[in-house]
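Listed here are the chains, written in short residue letters.
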Amino acid sequence: MRTWREMRGFPLAVRLLLVNQLGVNTGFYLLIPYLATHLGENLGMSAAVVGIVLGVRNLSQQGLFIIGGSAADRLGARGVIIAGCALRTVGFALFALGDGLPVLLAASVLSGLAGALFNPAVRAYLAQEAGERKAEAFALFNVFATTGALVGPLLGSALLLVDFRTSALTAAGIFAVLTVAQALVLPAREVEPSGSGVLGDWREVLGNRAFLAFSLAMVGMFTLENQLYLLLPDGAREATGWDGAAGIVFLVGTVANLAFQLRITRSLKSLGDRPRWIAAGLAVMALAFLPPVLAPGAVPVLMSALLLYLGIMIASPFVMELIPRFGRPELTGTYFGIFYVVSGIAAAVGNTVIGWAMDAGESAGRAWLPWVCCTVFGAASAGGVAWLRRRGALPAPAEPVREKADA
């Protein structure tokens, strides 16, 4: 109930974007987690070809975030969001209708490009529309995103009892509905010119050393978040011998998110000093991976998941609130786009290290190795943010805006 009351306090555009994120994650996780199985088992593709198809999708998204961010600044976030959802509708429909490699590669490129367009654009639009309530808006954004990440796989599992094509067409249908809703409801906003060309915008953002340092420091957050889909499900299955144990991890996290995200964000926001809470959240995420090291079994893995979700709930809304404050409002989309490019590349390297640690730990009888690696990643990120905070390199929140209002 608190979530719905808080949601009603925002403009209609923000409310739509929150529901939009629920739909985006539902549609995405309804399909993507089962795509590799479909390509390998149903279509008989080799592991190498499956890797190419999945890699093309990921590369199309991670590598083009900067394009989506710049497009949001120059063309308006509304149009970019709508275009991104429309492209994903087409991409997911192609997964349902095509069996040949060229069609599947086209579907991967379109679905990846779609994410590259609407992910930074949605965050830029949300930051602009939420005003000085950015932290609360992004806290709600987390709640809806987490709920979609739970609903999507559950719905996908049920639809796969029919066939993969039904699942893919359902996902495409969800994005089609979102596209129409955005076109009808999202108000257009006048675009403020940045005063320079696209390359000039990129140079300005990339020349912001504090922003780049902060983006690199976030490698721990993105790497550890991804363990919700890699290390933690694997740990839950190993501890229980039940494949469905991974679903319990998501269920517990979603319930915790619904119950505590807004309360945590409001309480910490009232205490000020957002960078301190980002560092604290990263530290909690680092500590989350210690219980399975200290004791085997399902309960330590569940404790790990709860602590990880808690750390994300502490840090993530303030990270999203902070990014636009590094530069001019006209470049909000570009800042989000480059943030996700830098952090995405760094997190990909981090995930490779965790994957290696999982294999090495299993072969050497050192099951603790990947968990300790995660703790090191999180501690390094927390230390990086704390160091930037001590140096005064991170922007302050909204006090300057209030001073102008008082004047």
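Look a little higher up for the structure.
Residues numbered from 1 in each chain as written. Predicted model: local features only at pLDDT ≥ 70, side-chain atom pairs only at ≥ 80, totals over all residues. Heavy atoms only, no water.

As for the overall build of the chain
Helix and strand content of the chain: 20 helices and zero strands. In terms of its C-alpha atoms, the chain occupies a principal-axis envelope of roughly 65 × 50 × 45 Å. Burial statistics for the chain: of 407 residues in total, 54% are counted as buried. Restricting the contact set of the chain to residue pairs at least 6 apart, pairs at least 24 apart contribute 83%. For the chain, the computed accessible surface area is about 17,100 Å², with 66% contributed by carbon and sulfur atoms. A distance of 6 Å separates the average location of the 29 positive side-chain charges in the chain from that of its 24 negative side-chain charges. (Helix = DSSP H or I, 4+ residues; strand = E, 2+ residues; numbered from the N terminus. Buried < 20%, exposed > 50% of the residue type's maximum accessible area, 1.4 Å probe, protein only. Contact = heavy atoms within 4.5 Å. Areas by Shrake-Rupley, 256 points an atom, 1.4 Å probe, with all protein chains shown as cover. Lys, Arg positive; Asp, Glu negative; His and termini not counted. Charge placed at Lys NZ, Arg CZ, Asp CG, Glu CD.)

A closer look at the environment of Gly-195
As for its position among the elements, Gly-195 is in the loop between helix 9 (164-185) and helix 10 (198-206). It is 9.1 Å that separates the C-alpha atoms of Gly-195 and Glu-330, two residues lying 135 residues apart in sequence.

Some details on the pattern of salt bridges
With the rule as written, the count across this model stands at 10 salt bridges. Taking the shortest distance from any N to any O, the salt bridge between Arg-325 and Glu-132 comes out at 3.5 Å. One end of the pair, Arg-325, is in the loop between helix 17 (298-322) and helix 18 (332-364); the other, Glu-132, is in the loop between helix 7 (101-130) and helix 8 (134-159), and 193 residues separate them in sequence. Between Asp-273 and Arg-389 there is a salt bridge, with its nearest N and O atoms 2.6 Å apart. Residue Asp-273 is found in the loop between helix 14 (245-270) and helix 15 (274-287), and its partner Arg-389 is found in helix 19 (residues 369-390); the two are separated by 116 residues along the sequence. Through salt bridges that share partners, Glu-132, Arg-274, Glu-321 and Arg-325 make up one connected network. (Salt bridge = Lys/Arg side-chain N within 4 Å of Asp/Glu carboxyl O.)

A word on the environment of Asn-257
The topology assignment puts Asn-257 in helix 14. Put simply, Asn-257 and Gly-200 are 57 residues apart on the chain and 40 Å apart in space, counted from C-alpha to C-alpha. The contact partners of Asn-257, leaving out residues within four places of it in the chain, are Asn-142, Val-143, Thr-146 and Met-313.

A word on the side chain of Arg-274
On the secondary structure map, Arg-274 appears in helix 15. Here Arg-274 falls in the buried class, since its relative accessible area comes to 9%. In terms of polar contacts, Arg-274 uses its side chain to reach the side chain of Glu-321, at 3.0 Å. (Polar contact = N/O pair within 3.5 Å; in protein donor to acceptor, adjacent residues only side chain to side chain.)

Quick word on helix 19
Each turn of an α-helix holds 3.6 residues, which means side chains three or four residues apart point in the same direction. Between its terminal C-alpha atoms helix 19 stretches 32 Å, which fits the 32 Å expected from 22 residues at 1.5 Å a residue. All of the buried residues in helix 19 are Leu-369, Pro-370, Trp-371, Cys-373, Cys-374, Thr-375, Gly-378, Ser-381, Ala-382, Val-385 and Leu-388. One or two positions beyond helix 19, positive phi appears at Gly-392, with a value near 70 degrees. (Expected span 1.5 Å × (residues − 1).)

What to know about the packing of helix 5 (residues 65-75) against helix 7
Each pair of packed helices can be described by the angle between their axes along with the distance between the axes. Across the interface, helix 5 lies against helix 7 with an axial gap of 7 Å and an inter-helix angle of 50 degrees. Between helix 5 and helix 7, the angle is such that the two are oblique. When the axes of helix 5 and helix 7 are compared, the crossing they make is right-handed. Every residue of helix 7 that contacts helix 5 at Phe-65, Gly-68, Gly-69 and Ala-72 is listed here: Gly-115, Ala-116, Leu-117, Asn-119, Pro-120 and Ala-121. Residues belonging to the contact of helix 5 with helix 7 are distributed by class as follows: six nonpolar, four polar and no charged. (Axes fitted to C-alpha atoms, helices over the stretch in contact; angles between N-to-C directions. Parallel < 35°, antiparallel > 145°, perpendicular 65-115°, else oblique. Left-handed = near helix turned anticlockwise from the far one by under 90°. Nonpolar A, V, L, I, M, F, W, Y, C, P; charged D, E, K, R; others polar.)

A look at the packing of helix 6 (residues 77-97) against helix 7
For the pair helix 6 and helix 7, interaxial distance at closest approach is 7 Å and the crossing angle is 155 degrees. One element, helix 6, and the other, helix 7, form an angle in the roughly antiparallel class. Here helix 6 runs over helix 7; the crossing is left-handed. Its residues assigned to classes, the contact of helix 6 with helix 7 comprises 21 nonpolar, five polar and two charged.

Considering the nonpolar core
Counting residues in each nonpolar core, the largest one holds 123 residues, and the members touching the most others are Phe-214, Met-218 and Phe-339. The element that contributes the greatest number of residues to this core is helix 7, accounting for 13 residues. Setting aside its immediate chain neighbours within four residues, Met-218 contacts Ile-278, Leu-282, Val-319, Phe-339, Ser-343, Ser-381 and Val-385. (Core = buried A, V, L, I, M, F, W, Y, C linked by side-chain atoms within 4.5 Å.)

Things to note about a nonpolar patch on the surface
A contiguous nonpolar surface patch, about 520 Å² in accessible area, is contributed by Trp-242, Ile-248, Leu-251, Val-255, Leu-302 and Leu-306. Breaking the nonpolar patch down by element, the ones donating at least two residues are helix 14 and helix 17. Looking at the nonpolar patch element by element, the count peaks at three residues for helix 14. Overall, Leu-306 belongs to the partly exposed group, its relative accessible area being 37%. (Patch = residues over 30% accessible without salt bridge, like charges linked within 9 Å, V, L, I, M, F, W, Y side chains within 5 Å.)

Comments concerning the side chain of Thr-334
Following the sequence through the fold, Thr-334 ends up in helix 18. The exposure class of Thr-334 is buried, given its relative accessible area of 0%. A polar side-chain atom of Thr-334 sits 2.5 Å from a polar atom in the side chain of Asp-73. The residues contacting Thr-334, other than those within four sequence positions of it, are Gly-69, Ser-70, Asp-73, Trp-202 and Val-205.

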